[in-house]
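Descriptive structure summary
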Amino acid sequence: MAITGSGSLAISLSVFVISAAFLQKGAAEIVTVEGQNLATDNISVIEGEMATISCRVKNNDDSVIQLLNPNRQTIYFKDVRPLKDSRFQLVNFSDNELRVSLSNVSLSDEGRYVCQLYTDPPQEAYADITVLVPPGSPIIESREDVVSEGNETELTCTAMGSKPAASIRWMKGEEELTGEATVDETYDRMFTVTSRVRFSVTKDDDGMPVDCIIDHPAAKDLLAQRHLEVLYKPEVKIVVTYPEGLTREGDNLDLTCIAEGKPHPHQINWLRVEEEVPPHAVVTGSDLYIENLNKSYNGTYRCVASNAVGEAYDDYILYVYDAPTTSPTPTINPVNTQDSRAGEGTPQKIDHAVIGGVVAVVMFAILCALIVLGRYFARHKGTYFTHEAKGADDAADADTAIINAEGGHNNTDEKKEYYI
């Protein structure tokens, strides 16, 4: 034990003597190395993790390398550690490098570490250690838990105890929002960041997630989320349950009012615009039923639904047609039609194939008639020329031919006149 203690004391004394000699030799001659033989790197490390400091030498001529802390206490002299802090451990020592690790880094370890090379003149290189402290889990708060559509809401997100100060982003679904941030620095060089965002809400925002996203070099995927709860007035729709087609005299009418809102509508009323509802109409909850329709029931029927946010309505226009005298072809209207006159004046379907067939028959008949007439006229025209020349073939000359031709003057019966 005595030998070990004496050896440690001797090493410490030698370090002290060399350091004193170095200082006496001329502290004014210490230069910051840039482009010379000694080199090192700045380090950023997350609190609680490990940092490694490397003092590197190019073309070393057996000069001594040592590492000092921000208080200029010797951490390592060559491969010897005079400092009692066991968190410092030797990783590598050679003529060209002194590499030391520092485990479980804390804020108190932050500062400028010095690599020294005993040359003439002495050289120094500086390694700045920056300790990063991630913020705690963000806290998101809302000015109100529930907000009605059309109103403005405000959300606040806080990221505490970080170094450096965190930045905060807001997302509402896929939409990025712009917030207003304030930064407060505490006594221990830590930062607290608070961001506020304001926006108006709509019915579609109900259940929408709003994310507070924290950006910090020491943290990843750090966020807080809150779902919006939005109240909105009812949405109303009238559905025709019966009849499916036109409404005619003597028919029954059955309407259903569908109303959705948040909160759910607490009241649903039926009325007839500018007139009284028929006395025998039956209202059961959201249904309106009228028997034995007649034209005096024509008009606009309205379903009104209300909740704590407001009220809304939908209209149905009733038009009663005459009862059919014959069995009509049923007309089917869309379910969501809001007018019983839908389908009036609907054009009849035209069978184009029948029309085409009739036209073809007519054209064929005309063609046949033209052919028959053509053959008839051709035949009678030939007979005329043949009879006209009969008797002229055997004539000796032209004059005789004319005289002998059928229809000549010699063959013509004389005209006789009788007087009474």
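For every chain, the first residue of its written sequence is number 1, and the numbers climb from 1 along that sequence. Under the rules for a predicted model, residues below a pLDDT of 70 receive no local features and side-chain atom pairs below 80 are neither given nor counted, while totals for whole chains, interfaces and linings still include all residues. Based on all heavy atoms of the structure, the side-chain values leave hydrogens and waters out of the count.

1. Overview of the overall build of the chain
What counts as a helix is a DSSP run of H or I of at least four residues, what counts as a strand is a run of E of at least two, and both are numbered from the N terminus. Helix and strand counts for the chain come out as three helices and 26 strands. Residue burial in the chain is summarised as follows: out of 420 residues, 33% are buried. The contacts in the chain between residues at least 6 apart in sequence include a share of 61% that link residues at least 24 apart. Counting only carbon and sulfur atoms, one obtains 53% of the accessible surface of the chain, whose full area is about 26,400 Å². Per-residue accessibility, obtained with a 1.4 Å probe over protein chains only, is compared with the maximum for each type, and a residue is labelled buried under 20%, exposed over 50%, and partly exposed between these values. In what follows, residue pairs with any heavy atoms lying within 4.5 Å of each other are defined as contacts. The accessible surface values rely on the Shrake-Rupley method and a 1.4 Å probe; as for residues, cover is taken only from the protein chains in view.

2. Some words on unusual backbone geometry
Cis rather than trans, the peptide bond between D120 and P121 has omega equal to 5°. Its location among the elements puts P121 in the loop between β9 (111-117) and β10 (123-132). The linkage connecting Y242 with the following residue, P243, adopts the cis geometry, with an omega of 0°. Within the secondary structure, P243 is located in the loop between β20 (230-242) and β21 (253-262). Of note in the backbone geometry, D221 takes a positive phi value of approximately 55° without being a glycine. Looking at the element boundaries, D221 is found in strand β19 (residues 219-227). Since its relative accessible area comes to 79%, D221 is described here as exposed. If you check the backbone angles, E274 has positive phi at about 65° while not being a glycine.

3. Regarding the state of the cysteines
Two cysteine sulfurs form what is called a disulfide whenever their separation falls within 2.5 Å. For the coordinates displayed, the defined rule picks out three disulfides. The disulfide bridge from C257 ends at C303, spanning 1.8 Å between sulfur atoms. Since a negative S-S torsion denotes a left-handed disulfide, the C257-C303 link at about -80° is left-handed. Taken together, the positions of C257 in strand β21 and C303 in strand β25 (residues 299-306) put the pair 46 residues apart, joining distant regions of the chain. Here the two residues C257 and C303 agree in accessibility, since each one is buried.

4. Considerations on the side chain of D211
The topology assignment puts D211 in strand β18 (residues 209-216). When charges are counted, neither His nor the chain ends are considered; positive counts come from Lys and Arg and negative counts from Asp and Glu. We count a salt bridge whenever a side-chain nitrogen from Lys or Arg sits within 4 Å of a carboxyl oxygen from Asp or Glu. At 9.0 Å, R169 is the nearest oppositely charged side chain to D211, a buried residue that forms no salt bridge. Here a polar contact is recorded for every N or O atom pair within 3.5 Å, except that within protein the pair must consist of a potential hydrogen donor and a potential acceptor, and residues adjacent in sequence are included only if both atoms are side-chain atoms. Polar side-chain contacts of D211 include one of 2.7 Å to the side chain of Q225. Look past the residues within four positions of D211 in its chain and what remains in contact with it is R169, W170, M171, A224 and Q225.

5. Quick word on a nonpolar patch on the surface
Like-charged residues are merged into a patch within 9 Å and nonpolar side chains (Val, Leu, Ile, Met, Phe, Trp, Tyr) within 5 Å, provided each residue has over 30% relative accessible area and no salt bridge. On the surface, V354, I355, V358, V359, V362, M363, I366 and L370 cluster together into a nonpolar patch covering about 730 Å² of accessible area. Mapped onto the elements of the fold, L370 is located in helix α2 (residues 352-388).

6. Considerations on the sheet that holds strand β26 (residues 311-318)
With respect to topology, three strands assemble into an open sheet ordered β22-β25-β26, the strand pairing being antiparallel. Every other strand in the sheet has two partners, leaving β22 (267-272) and β26 as the edge strands with one partner each. Strand-to-strand, the axes of this sheet are offset by a mean angle of 20°, without reference to chain direction. Only strands joined by at least two bridges in the DSSP assignment are considered to pair. Judged from the six bridges that link them, β22 and β25 form a sheet pairing that is antiparallel. When the bridges of β25 are listed, R272 appears paired with Y301. Convention adopted: a line fitted to C-alpha atoms gives each axis, helices being fitted over their contacting stretch, and angles between N-to-C directions are expressed from 0 to 180 degrees.

7. Quick notes on the sheet that holds strand β23 (residues 282-284)
The sheet built from five strands is open, its strands ordered β12-β20-β21-β24-β23 with mixed pairing. Looking at which strands have only one partner, the edges of the open sheet turn out to be β12 (147-148) and β23.

8. Here's the deal with the nonpolar core
Grouping buried Ala, Val, Leu, Ile, Met, Phe, Trp, Tyr and Cys residues that are joined through side-chain atoms within 4.5 Å yields what is termed a nonpolar core. Ranked by internal contacts, the top residues of the largest apolar core, which has 27 residues, are I53, L67, I75, F88, L98, Y113 and I129. Going through the elements one at a time, β3 (43-46), β4 (51-57), β5 (65-68), β6 (74-77), β8 (97-102), β9 and β10 are the ones with two or more residues in this core. Those residues in contact with L67, other than ones at most four positions away along the chain, are I53, C55, Q73, T74, I75, Y76, L98, V100, Y113, V114 and C115. Among the nonpolar cores identified, the runner-up in size contains 21 residues, and C157, A159, F199 and I214 belong to it.

9. Details of the pattern of salt bridges
Counted by the stated rule, this structure contains 22 salt bridges. Note that D128 is salt-bridged to R112, the shortest N-O span being 2.9 Å. Of this pair, D128 sits in strand β10 while R112 sits in strand β9, and the two are 16 residues apart along the sequence. In this structure D128 comes out as partly exposed when scored by relative accessible area, which is 24%. Residue E144 is joined to R143 by a salt bridge in which the shortest nitrogen-to-oxygen separation is 3.3 Å. Exposure remark for E144: the relative accessible area of 23% places this residue in the partly exposed category. Since its relative accessible area comes to 47%, R143 is described here as partly exposed. Here the residues in one salt-bridge network are R143, E144, E154, E180 and R198, joined through shared partners.

10. Focus: the environment of E144
Within the secondary structure layout, E144 lies in the loop between β11 (139-142) and β12. Taking the C-alpha atoms as reference points, E144 and E229, separated by 85 residues in sequence, lie 9.6 Å from one another. Aside from chain neighbours lying at most four places away, what touches E144 is E152, T153 and E154. Side-chain polar atoms of E144 contact the side chain of R143, separated by 3.3 Å. Of the polar contacts made by the side chain of E144, one reaches the side chain of T153; its length is 2.6 Å.

Function cannot be read off these values alone, since they describe shape.
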